[in-house]
Amino acid sequence: MARGGGGGCCPSMDLMRSEAMQLVQVIIPAESAHLTVSYLGDLGLLQFKDLNAEKSPFQRTYAAQIKRCSEMARKLRFFKEQMSKAEISASPSQLNETHLEFDDLEIKLGELEAELTEVNANNEKLQRTYNELLEYNTVLQKAGEFFYSAQRSAAAQQREIEANQSGQTSLESPLLEQMSTDPSKQVKLGSLSGLVPKEKAMAFERILFRATRGNIFLRQEPIDEPVTDPVSGEKVAKNAFVIFYSGERAKAKILKICDAFNANRYPFPEDVNKQLHAVQEVSGRISELKATIDMGLAHRDSILKSIASDFEQWNHLAKREKAIYHTLNMLSVDVTKKCLVAEGWSPVFASVQIQDALQRATVDSKSQVGSIFQVLNTKESPPTYFQTNKFTSSFQEIVDAYGVAKYQEANPGVYTIVTFPFLFAVMFGDWGHGICLLLATLYLIIREKKLASQKLDDIMEMMFGGRYVILMMSLFSIYTGLIYNEFFSVPFELFGKSAYACRDPSCRDSTTEGLVKVRGTYPFGVDPVWHGSRSELPFLNSLKMKMSILLGVAQMNLGIVMSYFNAKFFRNNLNVWYQFIPQLIFLNSLFGYLSLLIIVKWCTGSKADLYHVMIYMFLSPTDDLGENQLFSGQKTVQLVLLLLALVSVPWMLIPKPILLKKQHERRHQGHQYAMLQGTDESVGAELGEHHDESHDHEEFEFSEVFVHQLIHTIEFVLGAVSNTASYLRLWALSLAHSELSTVFYEKVLMLTWRMNNIFALSAGVIVFIFATIGVLLVMETLSAFLHALRLHWVEFQNKFYEGDGYKFAPFSFALIREEED
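Residues numbered from 1 in each chain as written. Predicted model: local features only at pLDDT ≥ 70, side-chain atom pairs only at ≥ 80, totals over all residues. Heavy atoms only, no water.

- An unreviewed UniProt entry annotates the chain as V-type proton ATPase subunit a of Urochloa decumbens.
- Quoted verbatim from the Subcellular location (unreviewed entry) heading of the UniProt record, the comment on the chain is "Membrane". (UniProt positions renumbered as here; feature names shortened; annotations may be inferred.)

Shown next as structure tokens:
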């Protein structure tokens, strides 16, 4: 099953094909099962299979332990919430300092939770009483002001009545003044005082008036600062009120309305001496409660600080134990219930390490029986596992985002390390912008240890994860920028003087006058004299467009060649003869030939029109080429290539389905013959698996296979044209980047420079910097990244990459910690 293999503890880095995998079975004694799974989790090289998939979580062997772990996790979440409220942060994890057993931790967490719950309950009661006393104190002050002002106005009114009262009454005198003030006939009014939320004050007054038909006297006044509500514990703006009423029925209605409006009521003595005594008593109790609450909070903080010092260790231990028991629930229990049977995938190179872990677990658990490790034969498709490091992992993620490689399928990630940043740089060619990207990436790489331990936002985390991809992109951008000779769109004579000069001494503007070649060709990259000349766009457009086609055809040919290596590795000769060869012939008969014509035209300096050459190669293949002929015998070559392209289409389409049908029939007949001749039951049992396969082969539908092959053929033929055209995005985005950079430089920076105004120049520099960062270094980088991604996923990988595998997901404590972070 497994091809290749590796030895030693650490296999050599080989990203071309995934690691050789094996299905293993481990029989573990029950007394050492927990420690064995723990050691395998530390190793992180075994992916367990769930052998109890038909059972619900509650029917599994270790359901009770899982419940205990969940309860511990709940307690730890409770502690974390309490620490967050108290603004106490957990200390950095130091897992090797102390070792705490699972049972001891469970008891300790229970005790801490009970103590903390009790302290919190007491603090809540004290805090509620404290808030009630604060409100009561506020009511005493406000109600005292009400009564004091009422008494003053009543006394003043009484004095005025006595002064104006005469022995005789006139018809004009008020009726109330004529009434006798007999104390026995006066009605005793009751009063209620308290606080009501300010937003409900108007509705409160209106409802009271309607319910008592106006037979009340209500006085309200807003409190200057919000008060803490005893029930909710939140700051609420409230009004102090005093209600005077008459009768018990009115009192009952008022009490119900106060409850409905969450109005807190407090008793208020009418006697002045009692008021003063109440104020003093409340103030004293407030001081006592404040001191008691502070002591309670200090005690709570001391508990939380003791928890914080070990929180990370406890949290990791709880998650570790839960992961162990989840894994143990995936194991099958032997009928004797004395051992557990585990099955799973592991790399071939990890066999020795797994056996060492099993042996250590047996010794450390003092088990009398050791674990049994054996490799199983299977036809299941193994998981895909690549050994990556911090540099290659980000490039592998780019490939895996499209689809995980099938087991030991050729991995595009090997080529992506170079081709992805290079194609990005072709579209982002400016060595000034490349240096800016490089500096930003170097900052991330230099501080990677510190940044890895911090909590980053989504964008920063994405940039940090792909820091080595951006590093390669920036280096390649500097290289292509030197080739394009662009530094923020400004050319430099870095590698020598320009090969061209003005035609005569009177030439002062190379954009309007012709140039002549006066020295040897510029040694590296584009001659700086092309920038700013009338010929810049035609020259650079032609250069970049043809270069894009050459790069595209080269990468597509690489994809087709990789399909050959896949076919040879999986011993699929049909794909070699009826897929690889005709695809290679078809692509190169058309676009390989176009690439050859581009190189010949560059070498010879011919003025042939390649558009017409390719168009009339199909429309009029027998006509004379005339001035479009680049080499002798071109017409014959084109006829041969056209014939090869036409032949390769049925070559891809017809033979493969027919040969697949013949192979099926041969296998089917062979199985039928074996079953008829096999009279022994054991032979029949051995052939049972093959007999099942024969039934699968009976489902072979030639029409389905033919239609499938037809779809692939059409897809490749049309894709050869569309994919080649798709590579022209390299030219288009490179042109867009160059022109945007020129616009920002000339229309923003240089325009303000010519104004000879320091304020205009400062504004121009600021706009230029922000435009460069926002548009060219952010938006253009993202745009070029996405287009390079599309070229790899669609144009390159579809030639050979199926990507229908699944990742190797071993049981590993290190992965659990990464998920926590």
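### Looking at the environment of Tyr564
Here's step 1: By the secondary structure assignment, Tyr564 is in helix α15 (residues 536-569).
Here's step 2: On a C-alpha basis, the gap between Tyr564 and Phe800 in space is 8.3 Å, while along the polypeptide they are 236 residues apart.
Here's step 3: Excluding its chain neighbours within four sequence positions, the residues that come into contact with Tyr564 are Val576 and Phe580. (Helix = DSSP H or I, 4+ residues; strand = E, 2+ residues; numbered from the N terminus. Contact = heavy atoms within 4.5 Å.)

### Describing empty space enclosed by the protein
Here's step 1: Scanning the entire structure with this criterion turns up one cavity of 30 Å³ or more.
Here's step 2: Taken together, Glu536, Leu537, Leu540, Asn541, Lys544, Leu735, Ser738 and Glu739 make up the lining of the largest cavity.
Here's step 3: Mapped onto the lining of the largest cavity, the elements with two or more residues apiece are α15 and α23 (729-753).
Here's step 4: A per-element tally of the lining of the largest cavity places α15 first, with five residues.
Here's step 5: Tallied by class, the residues present in the lining of the largest cavity amount to three nonpolar, two polar and three charged. (1 Å grid on protein atoms, 1.4 Å probe; cavity = no way out; pocket = protein on both sides within 12 Å on 5 of 7 lines; lining within 4 Å. Points joined across faces, edges and corners; volume = space filled by probe spheres on them. Nonpolar A, V, L, I, M, F, W, Y, C, P; charged D, E, K, R; others polar.)

### Overview of the packing of aromatic side chains
Here's step 1: This structure, assessed with the given rule, holds 33 aromatic pairs.
Here's step 2: Taken together through their ring pairs, the aromatic side chains of Tyr402, Trp793, Phe796, Phe800 and Tyr801 make up a single cluster.
Here's step 3: Seen from the ring of Phe570, Lys406 lies directly overhead, with NZ or CZ sitting 4.9 Å from the centre.
Here's step 4: A cation sits over an aromatic face here: Arg467 above Phe464, 4.2 Å from the ring centre. (Phe/Tyr/Trp six-rings, centres within 6.5 Å; stacked < 30°, edge-to-face > 60°. Lys NZ or Arg CZ within 6 Å of the ring centre and 35° of its normal.)

### As for the pattern of salt bridges
Here's step 1: Under the definition given, this model contains 20 salt bridges.
Here's step 2: The shortest N-O distance in the salt bridge between Arg300 and Asp301 comes to 3.4 Å.
Here's step 3: Exposure remark for Asp301: the relative accessible area of 25% places this residue in the partly exposed category.
Here's step 4: For the salt bridge of Lys406 with Glu802, the shortest nitrogen-to-oxygen distance reads 3.4 Å. Of this pair, Lys406 sits in the loop between α9 (392-400) and α10 (413-427) while Glu802 sits in the loop between α24 (758-796) and α25 (813-820), placing them 396 residues apart in sequence.
Here's step 5: It is possible to trace a salt-bridge network through shared partners that takes in Arg68, Asp103 and Glu106. (Salt bridge = Lys/Arg side-chain N within 4 Å of Asp/Glu carboxyl O. Buried < 20%, exposed > 50% of the residue type's maximum accessible area, 1.4 Å probe, protein only.)

### Some points on the UniProt feature "transmembrane region" (unreviewed entry) in the chain
Here's step 1: Residues annotated in UniProt with the feature "transmembrane region" (unreviewed entry) correspond here to residues 422-446, 467-484, 547-565, 577-600, 636-654 and 758-779.
Here's step 2: Its end C-alpha atoms 24 Å apart, residues 422-446 is made of 88% helix and 0% strand.
Here's step 3: The span residues 758-779 carries 100% helix and 0% strand; its end-to-end C-alpha distance comes to 30 Å.

### Comments concerning unusual backbone geometry
Here's step 1: You will see that Glu87, though not glycine, has its phi angle at about 60°, which is positive.
Here's step 2: Looking at the secondary structure, you find Glu87 in the loop between α2 (63-85) and α3 (102-164).
Here's step 3: A positive phi angle, close to 75°, is found at Ser489, a residue other than glycine.
Here's step 4: Relative to the helices and strands, Ser489 resides in the loop between α14 (467-484) and β12 (500-502).

### Remarks on the packing of α9 against α14
Here's step 1: Contact pair α9 / α14: the axes reach a minimum separation of 7 Å and the direction vectors enclose 95°. One finds that α9 runs roughly perpendicular with respect to α14. Along its contact with α9, which presents Ser394, Phe395 and Ile398, the element α14 presents Tyr468, Val469 and Met472.
Here's step 2: Within the contact of α9 with α14, the residues separate by chemical class into five nonpolar, one polar and no charged. (Axes fitted to C-alpha atoms, helices over the stretch in contact; angles between N-to-C directions. Parallel < 35°, antiparallel > 145°, perpendicular 65-115°, else oblique.)

### Some thoughts on the nonpolar core
The nonpolar side chains of a soluble globular protein tend to be buried with one another.
Here's step 1: Residues Phe420, Phe424, Leu587, Phe591, Leu597, Tyr727 and Leu730 are the most contacted members of the largest nonpolar core, which totals 61 residues.
Here's step 2: With 11 residues, helix α16 (residues 573-604) is the single largest residue contributor to this core.
Here's step 3: When neighbours within four sequence positions are excluded, Leu597 is seen to be in contact with Leu610, Val613, Met614, Leu630, Phe631 and Gln634.
Here's step 4: Of all hydrophobic cores here, the second largest spans 58 residues; its members include Met83, Leu317, Leu340 and Leu358. (Core = buried A, V, L, I, M, F, W, Y, C linked by side-chain atoms within 4.5 Å.)

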